[in-house]
Amino acid sequence: MKMKGIFVGSGSDGMADERIVRAILELTTSNDAGFHDQSNNRKQSYSNINVLYIGTATYDLPKYRENQTKRFLEFGCQVSTINLVGSNDEIGTSSSPPIMDLDEMKLLMDAAHVIVVSGGNTLYAIDKWNNVGLDKLIYDAMNRGVVLTGGSAGAICWFQGGHSDSMDPETYKSAMVSKGNHVSEDDSNDRNEPCKEWNYIRVDGLGLLPGLVCPHFDKTQSNGVARSVDFDSMLLKRHSGELGIGIDHWAALVIHGEKYRVISLPGKPGSVMISQSSDAGGERVVTQSLSQEGTPGIWIKEVKDGTICSTLCPKEGYVKDLLFVTPADAISKDPLADKCRRENI
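Conventions and cut-offs
Just so you know, the residues in each chain are numbered from 1, in the order the chain's sequence is written. In keeping with the model being predicted, local features are shown solely for residues with a pLDDT of at least 70 and side-chain atom pairs are shown and tallied solely at 80 or more, while totals for entire chains, interfaces and linings include all residues. Side-chain numbers come from the whole structure's heavy atoms, not from hydrogens or water. Only runs of H or I of at least four residues qualify as helices and only runs of E of at least two qualify as strands under DSSP, and these elements are numbered from the N terminus. Think of it in three bands: residues with accessible area under 20% of the maximum for their type are buried, residues over 50% are exposed, and the middle band is partly exposed, with areas taken using a 1.4 Å probe on protein chains only. Residue contacts follow a heavy-atom distance rule, with two residues in contact if any of their heavy atoms lie within 4.5 Å. Here the accessible surface of atoms and residues is derived via Shrake-Rupley with a 1.4 Å probe, and residues count as covered only by protein chains that are part of the display. Strand pairing is assigned whenever DSSP identifies at least 2 bridges connecting the two strands. The convention used is that axes are lines fitted to C-alpha atoms, helices contributing only their stretch in contact, and that angles between N-to-C directions extend from 0 to 180 degrees. For classification purposes, an angle smaller than 35 degrees is called roughly parallel, one larger than 145 roughly antiparallel, one from 65 to 115 roughly perpendicular, and anything else oblique. Aromatic contacts are taken between Phe, Tyr and Trp rings whose centres are within 6.5 Å, Trp giving its six-membered ring; a plane angle under 30 degrees counts as stacked, one over 60 as edge-to-face, and the others as tilted. In this scheme, Lys NZ or Arg CZ marks a charge over a ring once it lies within 6 Å of the ring centre and within 35 degrees of the ring normal. Put simply, a nonpolar core is a bunch of buried Ala, Val, Leu, Ile, Met, Phe, Trp, Tyr and Cys residues held in one set by side-chain atoms that sit within 4.5 Å of each other. Just to be clear on terms, a salt bridge is a Lys or Arg side-chain nitrogen sitting within 4 Å of an Asp or Glu carboxyl oxygen.

Looking only at helices and strands, the protein features 10 helices and 16 strands. Burial statistics for the protein: of 345 residues in total, 53% are counted as buried. Within the protein, contacts between residues separated by at least 24 positions form 76% of all contacts whose residues are at least 6 apart in sequence. Element-wise, carbon and sulfur atoms account for 48% of the exposed surface of the protein, whose accessible area totals about 14900 Å².

The next thing to look at is unusual backbone geometry. Here the phi dihedral of Asp60 falls at roughly 60°; this positive angle occurs in a residue that is not glycine. As for its position among the elements, Asp60 is in the loop between strand 2 (50-54) and helix 2 (62-74). In this structure Asp60 comes out as buried when scored by relative accessible area, which is 6%. Unlike most non-glycine residues, Asp305 shows phi in positive territory, near 55°. If you trace the backbone, Asp305 turns up in the loop between strand 14 (298-304) and strand 15 (307-312). Taking relative accessible area as the criterion, Asp305 reaches 83% and is therefore assigned exposed.

Further remarks concern the environment of Ala155. Along the chain, the position of Ala155 falls in helix 6 (residues 153-156). Residue Ala155 is classed as buried on the basis of its relative accessible area of 0%. Along the sequence, Ala155 and Pro215 sit 60 residues apart, while their C-alpha atoms lie 7.1 Å from each other. Not counting residues within four places of it along the chain, the set of residues in contact with Ala155 comprises Phe7, Val8 and Gly150.

Attention now moves to the sheet that holds strand 2. Taken in spatial order, the eight strands make up an open sheet running 3-2-4-5-1-10-11-16, and their pairing is mixed. Only two strands of the sheet have a single partner each, and these edge strands are strand 3 (78-82) and strand 16 (316-318). When the angles between neighbouring strand axes are averaged without regard to direction, this sheet yields 20°. Contacting strand 1 (4-8), strand 4 (114-117), strand 5 (147-151), strand 10 (251-256) and strand 11 (259-264), helix 1 (residues 18-29) crosses the sheet at an angle of about 170° to strand 1. Helix-sheet contacts for helix 2 involve strand 2, strand 3 and strand 4, and the interaxial angle to strand 2 is about 165°.

This brings us to the packing of helix 4 (residues 122-132) against helix 5 (residues 134-143). Helix-helix packing is described using two parameters, namely the angle between the two axes and the distance between the axes. At their nearest, the axes of helix 4 and helix 5 sit 5 Å apart, and the two run at 90° to each other. With respect to each other, helix 4 and helix 5 are oriented roughly perpendicular. Counting all contacts with helix 4, which are made through Trp129, Asn130 and Val132, the residues of helix 5 involved are Leu134, Asp135 and Ile138.

In total, this model carries six aromatic pairs according to the counting rule given. Taking 6.1 Å as the distance between ring centres and 70° as the angle between the ring planes, the aromatic pair formed by Tyr46 and Phe75 counts as edge-to-face. Taken as a pair, Tyr46 in the loop between helix 1 and strand 2 and Phe75 in the loop between helix 2 and strand 3 lie far apart in primary sequence, 29 residues in all. A single burial state applies to Tyr46 and to Phe75, both of which are buried. An aromatic cluster of three or more residues is present, and its members are Phe7, Trp158 and Phe159. When the ring centre of Trp250 is taken as reference, the NZ or CZ atom of Lys268 above it lies at 4.2 Å. The aromatic ring of Tyr318 is capped on one face by Lys320, whose charged end is 5.6 Å from the ring centroid.

Among the nonpolar cores identified, the biggest contains 83 residues, and Phe7, Met109, Ile115, Trp129, Leu134 and Trp158 are the most heavily contacted of them. In terms of residue count, helix 1 provides more of this core than any other element does, six residues in total. With near-sequence residues (within four places) excluded, Ile115 lies in contact with Leu52, Ile54, Met109, Ala141, Val146, Val147, Leu148, Thr149 and Trp158. Within the second largest apolar cluster, nine residues are counted, among which are Leu212, Cys214, Phe231 and Val272.

Let's shift gears to the pairing of strand 8 (residues 209-214). When you tally the buried positions in strand 8, you get six out of six residues, the bulk of the element. Sheet topology places strand 6 (residues 159-164) next to strand 8; three bridges connect them, and they run parallel. By the bridge assignment, Gly162 is partnered in strand 8 with Val213. Two strands pair when backbone bridges link them, and strand 8 and strand 9 (residues 244-247) are joined in this way by three bridges, in the parallel orientation. Bridge pairing in strand 9 links Cys214 to Gly246.

In the structure shown here, the tally under the stated rule is 15 salt bridges. Between Arg227 and Asp165 there is a salt bridge, with the nearest N and O atoms lying 3.9 Å from each other. Of this pair, Arg227 sits in helix 8 (residues 227-238) while Asp165 sits in the loop between strand 6 and helix 7 (173-177), and the two are 62 residues apart along the sequence. With a closest N to O distance of 3.8 Å, Lys304 and Glu302 form a salt bridge. Through salt bridges with shared partners, a single ionic network connects Arg202, Asp204, Glu242 and Lys333.

This part covers the sheet that holds strand 6. Strand order in the open sheet formed by six strands is 7-6-8-9-14-15, with mixed pairing between adjacent strands. Of all strands in the sheet, those bounded by a partner on one side alone are strand 7 (201-204) and strand 15. On average, adjacent strands in this sheet sit at an angle of 25° to one another, irrespective of strand direction. Relative to strand 14, strand 9 runs antiparallel, the two being bridged by four bridges. Residue pairing for strand 14: Ile247 is matched across the bridge by Ile298. Together, strand 6, strand 7, strand 8, strand 9, strand 14 and strand 15 form the strand contacts of helix 8, whose direction differs from that of strand 8 by roughly 135°.

If you want it as C-alpha cells, here you go:
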C-alpha cells in the first residue's frame, strides 16, 4: 500500500493543532509520524513543502482555509488552494477566486507534497469532485506518495464511506456563508441548547481505504444525538457489511504504507475509559464513555451475529490487521442523501 495519511476526528480543531500539523509534515520527510520532543520548542522549517488545500466542503470560503492552513504557514510551508465553488457559483462573493479547470488543478496536484481537505459538508464535496474529475487526480496523488490529510469531512473522504452530518442545515452553503467569522465545522451541542431536527446520513467517500468512518465519535451534535450511538445504529440496521472506524474529536489515525498508529492528543477529552478490574488479577478494563470522560482514541466496530462488537484500536500495528475486512460489495445508499442534495442548493 502506498497510502500516507493522517485522518483527524476534527477539522477546525485538529488541523489548527500544532502537534497534528507537525506529525503531518514529519510524514513527508520521515519514516516515523511521531511527535518531536516537546522540550524543543523551535519549529523545523518546511519551506520546501507544498501544501494543497481543498476547501470544497466549506464552499471555498477563505475563513475556513485560513484556520486550517495557518499552522502550515507557521512551519514555513507554501500553501496553494483548489477552488471549485468560486465567483462563478450562485453564492460566490465578489472576493471569491474563480473556479479552476482540470488542467489548473492537475498542475497544483503534481506540485503538492501534502493535500489538506477541510471539514464541512462531505456529501457536497464528494459530489463536486466526482463531477469535475478531481477524484482521479487525488487517486494519482496517493500513488505518488503525497500525504493525504484532513479532519471530519477531511477524514471521511478517503474511506469507502462515512457517518456524516451533511444533512445538518448549518453545513449547507447558505448557512455557512452567513456565519461570518465563526470557523468551526463541529456543530456540537456542548452548551445544552435546544436540539435541532436533522439526521446523520451515510455518505460515500473516495474509496481509497475500506471502512465506514465516524469523525467526532465522542461528540453529541446539535440534533442532540450522540454520534457514537447513531453510528452503532447505522452499522447495525443499515450497513452491517461495513467495518466501522470511530475517531474521537481529538484523535487521529496515521497510515504510512503497511503500518498505522493512533494519535491521542494529551490533555484533551475523549471516549476511552481505562480502569482496573476488581478481580484478584486486577486486569485493565477498557470501556467507551458517552460523555467525553476519558482520553481520545479510535474504536473499531463490527457487526457479528446481529450485535455490535467494539474494540479499542491498538496504538500501532499493521494496516492489514486493522482494516481487515474485504470492502463491502453491497452498500445500501442512504435514502436521505438525495433529499440532502435538493436542500443544499
